[in-house]
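One letter stands for each residue in the lines below.
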Amino acid sequence: MRITALAGGVGGAKLAHGLAQILLPENLTIIVNTGDDFEHLGLYICPDLDTVCYTLAGMANPETGWGRAGETWNAMTNLKRLGAPDWFNLGDSDLATHIERTRRLKEGQTLSQIMRDFCKAWGVKHAVLPMSDQPVRTIVETEEGDLPFQEYFVHRRCEPRVQGFRFEGVGAAEPACGAYEALQSAEAVIICPSNPWVSIDPILRVIGEIDKPVFAVSPIIGGQTVKGPAAKMYRELGIEPSALAVAKHYRSLLTGFVMDSVDAQLAEEVQGLNMRVFVTNTLMKSLDDRMQLAKEVVRFIGEAI
Ligand code: FO1
């Protein structure tokens, strides 16, 4: 089965990793959110792209989900001593990625070219594409004013109450090289269990209408997110966080929806939104869990299309 997956953040990277274990490289393309990207310490940082690539390469930090396993922090310690901003943690190995990416961007290479080369160097065989080669910047509109995404997420620890989101640059952003072709040749699209507001919506805004069956996996389990602020965002926007709220979020896009067994009581209501529903364990604690969920999602899609 040919799949294009949309992903951002740690939850998305885990399912993308599971899919990469069971689908051949020619059958899986992963399109990743770049709305979280920003410039920091003069470097161009792409947290979601790096999280997906490091995870697929088996290089991700297992505790945080982002950054590199076995990381050291000498540069950060010394930057702090010199008075540099230290709220965004860049490990020594991770810094190499940002330094080389920044150098190549300044030379005029595109982000998708650069990530293709990096994936090759890291042994990642599946295509990992930025959603766009043009910059899109997620701005979180909060009660304390507008905050660039990483300022909200890391510096302010998601504390300011959210009022809305906007994606600066989205109007001028084209899908990255290869993204359109991947969507054209896919038999189905999987929306990974990523934050619908800030990881998936920017991708959907850039790629526009999808004329393939779309299946989403809920990032909300028992009213909570495994990681990150999605549940808090739903609450602050006046919506009760639940798998049902996620299904409603994507509603008209979806052919099918995958939700956790703890939310089985919501299945009927989700089906009432005119989509097929598959209920299973969606919590990915181990590599086996990632593979198991990926297999079940692909089987569900096979039966539904
Ligand atoms: N997240 C944090 O909570 N604190 C950090 O200091 C931090 C540093 C960081 C460095 C590189 C990278 O690729 C990701 C990093 N993240 C950090 C994660 C990142 O902010 C989020 O995972 C995403 O932007 C949300 O999907």
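Predicted, not measured: the structure shown is a model, and the values here were computed from it.

1. A look at the state of the cysteines
In a disulfide, the sulfur atoms of two cysteines are held together by a covalent bond. Tallying each qualifying case throughout the model produces zero disulfides. Of all cysteine sulfurs, the one in C119 lies closest to C53, which takes part in no disulfide; the gap is 3.6 Å. With relative accessibility at 0%, the residue C53 sits in the buried group. By relative accessible area, which is 4% here, C119 ends up buried.

2. Quick notes on the packing of helix α2 (residues 47-56) against helix α5 (residues 111-122)
In the contact formed by α2 and α5, the axes pass within 10 Å of each other and the chain directions differ by 25°. In terms of axis orientation, α2 runs roughly parallel to α5. Every pair of crossing elements has a handedness; the one defined by α2 and α5 is right-handed. Of the residues in α5, those touching α2 at L49, D50, C53 and Y54 are L111, M115, C119 and W122. Residue composition of the contact of α2 with α5, by class: seven nonpolar, no polar and one charged.

3. With respect to helix α12 (residues 287-304)
Here α12 spans 26 Å end to end across 18 residues, near enough to the 26 Å set by a 1.5 Å rise per residue. Buried within α12 are the following residues: R290, L293, A294, E296, V297, V298, F300, I301 and A304.

4. Focus: the pattern of salt bridges
Counted by the stated rule, this structure contains 12 salt bridges. Where R103 meets E107, a salt bridge forms, and the shortest distance between an N and an O atom there is 3.0 Å. Of this pair, R103 and E107 are both found in helix α4 (residues 92-107), four residues apart, which corresponds to roughly one turn of the helix. It is possible to trace a salt-bridge network through shared partners that takes in E100, R103, R104, E107 and D117.

5. Side note on the site of the ligand
In the region of the ligand, 14 residues are neighbours, and D36, D48, F88, N89 and Q150 sit closest. Where the shell around the ligand is concerned, the elements lending two or more residues are α2 and α6 (149-155). With four residues, α6 is the largest single contributor of residues to the shell around the ligand. Among the residues making up the shell around the ligand, the classes are represented as eight nonpolar, three polar and three charged.

6. Re the pairing of strand β10 (residues 214-217)
Burial along β10 is two-sided: the face carrying V214 and A216 and the face carrying F215 and V217 are both buried. Pairing between strand β9 (residues 188-191) and β10: three bridges, direction parallel. Pairing of V189 across the sheet is with V214, part of β10. Since β9 and β10 lie parallel, the crossover through helix α8 (residues 196-207) that links them has a hand, and here it is right-handed. In this sheet, strand β13 (residues 254-260) lies alongside β10 in parallel orientation, the contact comprising four bridges. Bridge pairing in β13 links V217 to V258.

Cut-offs and rules
Residues numbered from 1 in each chain as written. Predicted model: local features only at pLDDT ≥ 70, side-chain atom pairs only at ≥ 80, totals over all residues. Heavy atoms only, no water. Disulfide = S-S within 2.5 Å. Buried < 20%, exposed > 50% of the residue type's maximum accessible area, 1.4 Å probe, protein only. Axes fitted to C-alpha atoms, helices over the stretch in contact; angles between N-to-C directions. Helix = DSSP H or I, 4+ residues; strand = E, 2+ residues; numbered from the N terminus. Parallel < 35°, antiparallel > 145°, perpendicular 65-115°, else oblique. Left-handed = near helix turned anticlockwise from the far one by under 90°. Contact = heavy atoms within 4.5 Å. Nonpolar A, V, L, I, M, F, W, Y, C, P; charged D, E, K, R; others polar. Expected span 1.5 Å × (residues − 1). Salt bridge = Lys/Arg side-chain N within 4 Å of Asp/Glu carboxyl O. Near = heavy atom within 4 Å. Pairing = 2+ DSSP bridges. Right-handed = clockwise from strand over helix to strand, strands pointing away.

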